[in-house]
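# Observations on the model geometry
Given next are the chains, with one letter for each unit.
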Amino acid sequence: MAGQGSDASLEVVGTGPERQGPAIAVDSDDFSVGPSVGEFFELMKPRVMSLVVFTALVGLVAAPGTLHPFLAGVALLLIAIGAGASGALNMWYDADIDRLMQRTAARPIPRGKVSESEALSFGVVLSVGSVLMLGVLVNWTAGALLALTIGFYIFVYTMWLKRLTPQNIVIGGAAGAFPPMIGWAAVTGGVSIESIVLFLIIFIWTPPHFWALSLYRYRDYERVGVPMLPVVAGLEETRRQILLYTLLLVPMGVVPYFIGLGGVVYGVCATVLGGIFLWLALRVRAAEEGREGDRMAKQLFLFSIFYLFMLFAVLLVENVVAKVVG
Amino acid sequence: MASEDDKLAEYKKRQKMRSIAIAVTLVVIVVLFYVATLIRLGGNVLNRPY
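Here the structure is a predicted model, which is why all the values come from computation and not from measurement.

### Observations concerning the overall build of chain B
When you go through chain B residue by residue, the secondary structure sums to 1 helix and 0 strands. Its C-alpha atoms give chain B a radius of gyration of 21 Å, more than 25% over the compact-globule value 10 Å for 50 residues. Over its C-alpha atoms, taken along the principal directions, chain B stretches across nearly 65 × 20 × 5 Å. Classification of the 50 residues of chain B by burial places 12% in the buried group. For chain B, the computed accessible surface area is about 3900 Å², with 68% contributed by carbon and sulfur atoms. Counting 8 positive and 4 negative side-chain charges, chain B places the averaged centre of each group 20 Å from the other.

If you want it as structure tokens, here you go:
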């Protein structure tokens, strides 16, 4: 019976004829019961994954042409798995700083639920599997774009830029902007100006979104030495940069209307929501530091999520209606 | 603190769940390839030369 050994703090069980399988040391504080399926799923950053699936779906639906519904579902599933894989690899590489940051301390690796090597293996297997399957089952343009997305997120953003430059999320934001292009490519087999516009909306949206978060979370980044803009250039400069990117984002958000990707409803929504985004960015710029400034930044951060969601939701609905009716 | 038997039981339970998850994944992959192949071949699957 486990635990009745006389001397050691470790007792090996499972070696007798009555027990099959590898030896398991249970009489130790170090003994781990191993990760659960749910903890592996947590590695995939489900909330990020849901946003990726949503934007990819919009690319899929907005693209001209048709894809068999089963293959469209397969494409979305594989894009989600690819995104989840890059989340797992990100958690593997950033485990050292995740332990020290309030926002990330509850992730499975810092909590000791999943080991770093398990996260690495999980991420690599899912990355390779999702890319190959998307290539074989859907098309290789989509597969290549998914590989580019994962590679960009891990090698360019996580390993290279994140700890090197305050421009980390500006360039690294490209990784989060690829999913609608992948969805588009799944249908058309190529890249076009419309899919590039969808890419650019998310790409330009990322800096004000993330910097709004970092305005009230910058101490976390400061503690672990990640050169987020507020840490390196200060809160004032960050607020200025948020405003500048918002000024770029607002017109970019309306472009789908002018190239025929979105209809009138989209054009109106993008203009109104863009106006609110700009107003909030101006309020953040004018806010005093401290609790009031944090509150404004938090408001802008939450609105930025709503803004992107609404833009893509309206595009989705308009394109579904157009395909059903027309 | 959980007893050793509890830990062992939890270890085995989690191992079993992971094994089931892997098995389900493999079955799903097989089904995906099978159905996707039928869809891609379409009607040609019945018109192949014998």
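### As for the environment of A:Ile79
Tracing the backbone shows A:Ile79 in helix 3 (residues 69-93). Expressed as a C-alpha distance, the spacing of A:Ile79 and A:Leu243, which sit 164 residues apart in the sequence, is 32 Å.

### Observations concerning the packing of aromatic side chains
Residues and elements named next belong to chain A. On inspection of all chains with the given rule, the structure shows 14 aromatic pairs over all chains. On the basis of an interplanar angle of 40° and a centroid distance of 5.0 Å, the ring pair of phenylalanine 40 and phenylalanine 122 is categorised as tilted. Of the two residues, phenylalanine 40 is situated in helix 1 (residues 37-43) and phenylalanine 122 in helix 5 (residues 116-137); the sequence distance between them amounts to 82 residues. We classify phenylalanine 40 as buried; its relative accessible area is 16%. Centre to centre, the rings of phenylalanine 178 and phenylalanine 199 are 5.1 Å apart; their planes meet at 45°, and the pair counts as tilted. Linking phenylalanine 178 in the loop between helix 7 (168-177) and helix 8 (179-188) with phenylalanine 199 in helix 9 (residues 193-224), this pair joins segments that are 21 residues apart in sequence. In terms of burial, phenylalanine 178 and phenylalanine 199 fall into one category: buried. A connected cluster of aromatic rings, assembled from ring pairs, spans Phe152, Phe178, Phe199 and Phe203.

### Here we look at the packing of helix 2 (residues 46-62) of chain A against helix 3 of chain A
Two numbers describe a pair of packed helices, the interaxial angle and the distance between the axes. Residue and element names in this part refer to chain A. At a minimum axis distance of 9 Å, the contact between helix 2 and helix 3 shows a crossing angle of 145°. For helix 2 against helix 3, the interelement crossing comes out right-handed. On helix 3, the residues touching Met49, Val52, Val53, Ala56, Leu57 and Leu60 of helix 2 are Ala72, Ala75, Leu76, Ile79, Ala80, Ala83 and Gly84.

### Description of helix 2 of chain A
Residues and elements named next belong to chain A. Between its first and last C-alpha atoms helix 2 spans 24 Å; for 17 residues at 1.5 Å apiece the expected length is 24 Å, and the two agree. All buried positions along helix 2 are accounted for by Met49, Val52, Phe54, Thr55, Ala56, Val58, Gly59, Leu60, Val61 and Ala62. On its buried face, helix 2 is in contact with helix 1, helix 3, helix 8, helix 9 and helix 12 (291-325).

### Some remarks on unusual backbone geometry
Not every positive phi belongs to a glycine, and A:Lys45 is a case in point at roughly 50°. Relative to the elements of secondary structure, A:Lys45 occurs in the loop between helix 1 and helix 2.

### Things to note about the nonpolar core
All names here are of chain A. Counting 107 residues, the largest nonpolar core has Leu43, Leu134, Ile182, Ile201, Tyr307, Leu311 and Phe312 as its most contacted members. With 15 residues, helix 9 is the single largest residue contributor to this core. Structurally, this core is a two-domain feature, drawing no fewer than three residues from each of domain 2 (37-191) and domain 3 (205-315). Here isoleucine 201 is in contact with Leu249, Met252, Gly253, Pro256, Tyr266, Leu308, Leu311 and Phe312, once residues within four sequence places are set aside.

### Re helix 1 (residues 4-41) of chain B
Residue and element names in this part refer to chain B. The terminal C-alpha atoms of helix 1, which comprises 38 residues, lie 55 Å apart, in line with the 56 Å expected from a rise of 1.5 Å per residue. Burial in helix 1 covers these residues: Lys7, Leu8, Tyr11, Arg14, Leu32 and Ala36. Of the residues one or two after helix 1, glycine 42 is the one with positive phi, at around 60°.

### Side note on the packing of helix 5 of chain A against helix 1 of chain B
Put simply, helix 5 of chain A and helix 1 of chain B touch, their axes get as near as 11 Å, and they point 20° apart. For the element pair helix 5 of chain A / helix 1 of chain B, the angle class is roughly parallel. Considering only the axes of helix 5 of chain A and helix 1 of chain B, their crossing is right-handed. Taken together, the residues of helix 1 of chain B that come into contact with helix 5 of chain A (itself represented by A:Met133, A:Val136 and A:Leu137) are B:Ile29, B:Leu32, B:Phe33, B:Ala36 and B:Arg40. Considered class by class, the residues forming the contact of helix 5 of chain A with helix 1 of chain B number 7 nonpolar, no polar and 1 charged.

The rules behind each value
Here the residue numbering is sequential within each chain, running from 1 through the sequence in written order. Here chains are named by letter from A upward and ligands by number from 1 upward, in the order in which they appear as written. In keeping with the model being predicted, local features are shown solely for residues with a pLDDT of at least 70 and side-chain atom pairs are shown and tallied solely at 80 or more, while totals for entire chains, interfaces and linings include all residues. Side-chain descriptors were evaluated using all non-hydrogen atoms of the structure, hydrogens and water having been removed beforehand. A run of DSSP states H or I qualifies as a helix once it reaches four residues; a run of E qualifies as a strand once it reaches two. Both are numbered from the N-terminal end. Radius of gyration means the value over C-alpha atoms here, while the globule rule gives 2.2 Å times the residue count to the 0.38 power. Working definition: with a 1.4 Å probe on protein chains only, accessible area under 20% of the residue-type maximum means buried, over 50% means exposed, and in between means partly exposed. Surface exposure here means Shrake-Rupley accessible area, sampled with a 1.4 Å probe, where a residue is shielded only by the protein chains that are shown. The sign given to each residue is positive for Lys and Arg and negative for Asp and Glu; His and the chain ends receive no count. We put the charge of a Lys on NZ, of an Arg on CZ, of an Asp on CG and of a Glu on CD. Within 6.5 Å between ring centres, the rings of Phe, Tyr and Trp (the latter by its six-membered ring) count as paired, and their orientation is classed by plane angle as stacked under 30 degrees, edge-to-face over 60, tilted in between. Orientation is described by lines fitted to C-alpha atoms, with helices fitted over the stretch in contact, and by angles between N-to-C directions that extend from 0 to 180 degrees. Helix crossings get a hand from a simple test, with the near helix turned counterclockwise from the far one by less than a right angle marking a left-handed crossing and a clockwise turn marking a right-handed one. Throughout, a contact is declared for two residues whenever any of their heavy atoms are within 4.5 Å. Residue count minus one, scaled by 1.5 Å, sets the expected span of a helix. Residues enter a nonpolar core if they are buried and are Ala, Val, Leu, Ile, Met, Phe, Trp, Tyr or Cys, with the set joined through side-chain atoms within 4.5 Å. A domain assignment, automatic or from a database, supplies the domain bounds used here. By definition in this entry, angles of less than 35 degrees are roughly parallel, angles greater than 145 are roughly antiparallel, angles of 65 to 115 are roughly perpendicular, and the rest are oblique. Note on residue classes: Ala, Val, Leu, Ile, Met, Phe, Trp, Tyr, Cys and Pro are nonpolar, Asp, Glu, Lys and Arg are charged, and everything else, Gly too, is polar.

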